[in-house]
Amino acid sequence: MPKKRIYLNAFDMNCVGHQSPGLWTHPDDQSSTYKDAEYWENLARLLEKGKFDAIFLADVLGTYDVYQDSRNPAVRQAAQVPVNDPAFVVPIMAQVTKHLGFGLTASTSYEHPYSFARRISTLDHLTKGRIGWNIVTSYLESAAKNLGLDQQINHDERYNIADEYLEVVYKLWEGSWEDGAVLIDKKQKIYTDPNKVHDINHNGKYFKVPGAHLCEPSPQRTPVIFQAGASKKGRQFAAKHAELVFISVPTAPIGQTFVKALREEAKNAGRNPNEIKVLSLFTPIVGRNEEEAYSKFEEYKKHTSYEGGLALFGGWTGVDLSSYDPDDKIEYIKNDAIHSALETFTKIDPEKHWTVKQVAEFVGIGGIGPVAVGSPEQVADEMEKWIEETDVDGFNIAYAVTPGTFEDFVELVIPVLQERGLVRKEYADGGLRKNLFGYEQLPDHHPARQYRKQSTLQV
Ligand SMILES: Cc1cc2nc3c(=O)[nH]c(=O)nc-3n(C[C@H](O)[C@H](O)[C@H](O)COP(=O)(O)O)c2cc1C
């Protein structure tokens, strides 16, 4: 049986050091140039050369201020702060590429769906159908407070809101403007046939949107739906809506547990469990040989930040580990941050008891995901093994240093994966969904398609 191709995203954020706190101090790291268009242009060209499916841009709307009950550790170490808006770098990257997709993170908890739908349609037009949306419900209390709430909406309720949010944007993207509504008929002087533009009449528990979408249909209409819910509620949401799902897990057995539960949930939702592609966080540290790779790894370790790691961990889990001894074991505490992040380190693998120090060191390079160190062949072997053990479909490649980690991966590992028939040598034509799945718009059985309208009226 031919091997399945590996789906590949590069994982970045419009900030410094993204998943590797402290590594910005390494002489090779250029993440502090995130403010420059050139950083994004060069990265996009590199990823397209490596036949990456997409660049996935993470985002948060608050500072990581749980650790030490202060934002100072995060600010000092640049742990995802400062952080710029991810949407603006997309057209910059689209301008210098033809095929690379863009997974933009945006939260359903803070931006109104009506204006958000317009932003995404605009980007889908400008990229010629290469936009994906990583749907998040957010997890930082600091974001909630600065966006006008007294406290963060509770975890499961955020998913209820997200569900209705999707109903609204599906109605706008799929249902408001019919195919063929836009005529651009200069003779008859009709740009758009008004009979084919519909009010969505949405009147729900959380949102009221009576009118029509502001944009004409973009190539994909609905962007490719990315999601990363890993709790029960998050998995149900992903099983219903997502086309690509991200997981970040430290070990393969935990990954296997998540993937199995997600595919099960997809089956319950009436979907083919294999049509959802699962991508696992993965940080490759590769050299031309094993020795070179380990020498890089040792060098990187000297630059990780204990404080920065625990600042990120505090934000992800809602737990402040500052009063614990480095050798104390961490325990599960229920709160409204990311449920699965803390479960991963406390509940899922009964054999493993993580200490505070181990967590800080682990998170220090590549966040809550495995780090593979070795020659190009060893890293490729590790990727194949991970797929076999977890049943994921691909990887979300994080960096230790940028663009160095991506350069090494594209130059050294991609040719090995291509030789093994695991990464394509050419892109398919078309936008992101076409490239991933072979079709441009959502298939008939996706819940969004129920909102499509076919008018019988003519002008
Ligand atoms: C690879 C990966 C990337 C994520 N990126 C973001 C992000 O950029 N912004 C965000 O608010 N949440 C992000 N999350 C968090 C998820 O949206 C979600 O809150 C998390 O997976 C926990 O889901 P749960 O609450 O259902 O356990 C990410 C999660 C994963 C696994």
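Residues numbered from 1 in each chain as written. Predicted model: local features only at pLDDT ≥ 70, side-chain atom pairs only at ≥ 80, totals over all residues. Heavy atoms only, no water.

Draft legend 1. Summary view of the site of the ligand. In the region of the ligand, 23 residues are neighbours, and Asp 59, His 155, Tyr 159, Ala 228 and Ser 231 sit closest. In this structure, an oxygen atom belonging to the ligand sits 2.3 Å away from a main-chain N or O atom of Ala 228. For the ligand, the accessible surface in isolation is 610 Å², of which the surrounding protein chains cover 93%. Elements with a contribution of two residues or more to the shell around the ligand: strand S2 (54-58), strand S4 (131-136), helix H6 (155-175), strand S10 (244-247) and helix H11 (339-346). Classifying every residue of the shell around the ligand gives 11 nonpolar, 11 polar and 1 charged. (Near = heavy atom within 4 Å. Polar contact = N/O pair within 3.5 Å; in protein donor to acceptor, adjacent residues only side chain to side chain. Areas by Shrake-Rupley, 256 points an atom, 1.4 Å probe, with all protein chains shown as cover. Helix = DSSP H or I, 4+ residues; strand = E, 2+ residues; numbered from the N terminus. Nonpolar A, V, L, I, M, F, W, Y, C, P; charged D, E, K, R; others polar.)

Draft legend 2. Structural view of the pattern of salt bridges. The tally for this structure, following the rule as stated, stands at 25 salt bridges. Where Glu 174 meets Arg 452, a salt bridge forms, and the shortest distance between an N and an O atom there is 2.7 Å. Here the residue Glu 174 occupies a position in helix H6, and Arg 452 occupies one in the segment after helix H15 (432-437), the gap between them amounting to 278 residues. (Salt bridge = Lys/Arg side-chain N within 4 Å of Asp/Glu carboxyl O.)

Draft legend 3. View of the pairing of strand S11 (residues 277-286). Counting buried residues in S11 gives 10 out of 10 residues, a clear majority hidden from the surface. By the bridge criterion, 4 bridges tie S10 to S11 in an arrangement that is parallel. By the bridge assignment, Ile 247 is partnered in S11 with Ser 280. Of the crossover connections in this fold, the one passing from S10 over helix H8 (residues 252-268) to the parallel S11 is right-handed. Summarising the sheet, S11 and strand S13 (residues 394-397) pair through 4 bridges and their orientation is parallel. Looking at the pairing, Ser 280 lines up with Phe 395 of S13. Strand direction decides the pairing type here: S11 and strand S12 (residues 371-374), joined by 4 bridges, are parallel. By the bridge assignment for S12, Val 286 is matched with Gly 374. (Buried < 20%, exposed > 50% of the residue type's maximum accessible area, 1.4 Å probe, protein only. Pairing = 2+ DSSP bridges. Right-handed = clockwise from strand over helix to strand, strands pointing away.)

Draft legend 4. Quick peek at the environment of Met 13. Here Met 13 is to be found in strand S1 (residues 7-13). For Met 13, a relative accessible area of 1% translates into the label buried. In contact with Met 13, other than residues within four places in its own chain, are His 18, Trp 40, Ala 58, Asp 59, Val 60, Gln 80 and Val 83. (Contact = heavy atoms within 4.5 Å.)

Draft legend 5. Quick look at the packing of aromatic side chains. Enumeration over the complete set of coordinates arrives at 22 aromatic pairs. Both rings, one in Tyr 159 and one in Phe 237, keep their centres 5.7 Å apart while their planes meet at 50 degrees; by these two values the pair is tilted. On the criterion of sequence distance, the pair formed by Tyr 159 in helix H6 and Phe 237 in helix H7 (residues 232-241) is long-range, its members being 78 residues apart. Each member of the pair, Tyr 159 together with Phe 237, is buried. On the basis of an interplanar angle of 50 degrees and a centroid distance of 4.8 Å, the ring pair of Phe 282 and Phe 395 is categorised as tilted. Highlighted residues: Phe 282 in strand S11 and Phe 395 in strand S13, separated in sequence by 113 residues. Residue Phe 282 is classed as buried on the basis of its relative accessible area of 1%. (Phe/Tyr/Trp six-rings, centres within 6.5 Å; stacked < 30°, edge-to-face > 60°.)

Draft legend 6. Up close: the packing of H6 against H7. In contact at an axis separation of 9 Å, H6 and H7 are set at 15 degrees when each is read in the N-to-C sense. For the element pair H6 / H7, the angle class is roughly parallel. The interaxial crossing formed by H6 with H7 has right-handed handedness. Here Asp 156, Tyr 159, Asn 160, Ala 162, Asp 163, Leu 166 and Tyr 170 of H6 lie close against H7, whose contacting residues are Lys 233, Gly 234, Phe 237, Lys 240 and His 241. Of the residues assigned to the contact of H6 with H7, the class counts are 5 nonpolar, 3 polar and 4 charged. (Axes fitted to C-alpha atoms, helices over the stretch in contact; angles between N-to-C directions. Parallel < 35°, antiparallel > 145°, perpendicular 65-115°, else oblique. Left-handed = near helix turned anticlockwise from the far one by under 90°.)

Draft legend 7. Quick look at unusual backbone geometry. Here Val 81 and Pro 82 are connected by a cis peptide whose omega angle stands at 5 degrees. Mapped onto the elements of the fold, Pro 82 is located in the loop between helix H2 (72-77) and helix H3 (89-95). With an omega of 0 degrees, the peptide bond running from Thr 402 to Pro 403 counts as cis. Residue placement: Pro 403 occurs in the loop between S13 and helix H14 (404-419).

Draft legend 8. Structural view of the nonpolar core. Counting residues in each nonpolar core, the largest one holds 85 residues, and the members touching the most others are Leu 8, Ile 55, Trp 133 and Met 383. Here the element with the most residues in this core is H6; it accounts for 10 residues. Ranked by size, the runner-up nonpolar core spans 45 residues in total, among them Tyr 7, Ala 58, Leu 244 and Phe 345. (Core = buried A, V, L, I, M, F, W, Y, C linked by side-chain atoms within 4.5 Å.)

Draft legend 9. Quick peek at the environment of Gly 103. Here Gly 103 lies in strand S3 (residues 101-107). Note on Gly 103: relative accessible area 0%, which makes it buried. Taking the C-alpha atoms as reference points, Gly 103 and Tyr 165, 62 residues apart in sequence, are found 18 Å from one another.

Draft legend 10. Structural view of the packing of H8 against helix H13 (residues 376-390). For the pair H8 and H13, the least separation of the axes is 8 Å and the interaxial angle reads 45 degrees. When the axes of H8 and H13 are compared, the pair comes out oblique. Handedness of the H8/H13 crossing: right-handed. Mapping the contact onto sequence places Ala 252, Gly 255, Gln 256 and Val 259 in H8 and Trp 386, Glu 389 and Thr 390 in H13. The residue inventory of the contact of H8 with H13, partitioned by class, reads 3 nonpolar, 3 polar and 1 charged.

Draft legend 11. Representation of the side chain of Glu 164. Tracing the backbone shows Glu 164 in helix H6. Of the side chains bearing the opposite charge, Lys 205 lies closest to the buried Glu 164, which forms no salt bridge; the N-O distance is 7.5 Å. Glu 164 has contacts with His 202, Gly 204, Lys 205, Tyr 206 and Phe 207, leaving out every residue within four places of it along the chain. (Lys, Arg positive; Asp, Glu negative; His and termini not counted.)

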